[in-house]
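# Coordinate inspection notes
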Amino acid sequence: MAVLGVFFHPDARLAGIHTGSTMPIINITLIEGRSDEQKQAMYHEVTEAIHRTLNAPRDAVRIIVNEIPARHFAAGGVMKTGPSGVVSK
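Residues numbered from 1 in each chain as written. Predicted model: local features only at pLDDT ≥ 70, side-chain atom pairs only at ≥ 80, totals over all residues. Heavy atoms only, no water.

For the rest of this paragraph, the subject is the overall build of the protein. The helix and strand inventory of the protein stands at 1 helix and 5 strands. If you list the helices and strands of the protein from N to C, you get β-β-α-β-β-β. By the burial criterion, 26% of the 89 residues in the protein qualify as buried. Element-wise, carbon and sulfur atoms account for 55% of the exposed surface of the protein, whose accessible area totals about 5800 Å². (Helix = DSSP H or I, 4+ residues; strand = E, 2+ residues; numbered from the N terminus. Buried < 20%, exposed > 50% of the residue type's maximum accessible area, 1.4 Å probe, protein only. Areas by Shrake-Rupley, 256 points an atom, 1.4 Å probe, with all protein chains shown as cover.)

Take the pairing of strand β3 (residues 62-68) next. As defined by bridge partners, strand β2 (residues 23-31) adjoins β3 across 7 bridges and the pair is classed as parallel. Its bridge partner lying in β3, Ile-28 is registered against Val-65. Each parallel crossover has a hand, and for β2 linked through helix α1 (residues 36-54) to β3 it is right-handed. (Pairing = 2+ DSSP bridges. Right-handed = clockwise from strand over helix to strand, strands pointing away.)

The nonpolar side chains of a soluble globular protein tend to be buried, and buried together. With 8 residues, the main nonpolar core is built from Ile-26, Ile-28, Leu-30, Met-42, Val-46, Ile-50, Ala-56 and Val-61. Among the secondary structure elements, those contributing two or more residues to this core are β2 and α1. Excluding anything up to four places from it in sequence, Val-46 contacts Ile-26, Ile-28 and Ile-63. (Core = buried A, V, L, I, M, F, W, Y, C linked by side-chain atoms within 4.5 Å. Contact = heavy atoms within 4.5 Å.)

This is how it looks when you write it as structure tokens:
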């Protein structure tokens, strides 16, 4: 499960980026348990998708990941047990 939110900083210059465009800030909430390699691959793919679809410079893309314990997330009133999509009964 991943929740994705995309926000745009109104002035990229505040972050030291002089692109003439807004700076997309992507906020992703994940259930903890993924490896650093998986997250690095995700960062790359999300950056490429934002670059391709919004024409944002790659170096202007910011990604924030919030990892939460599975027990802090429920779907349909049932607590999750991990990132695999398996729910407890």
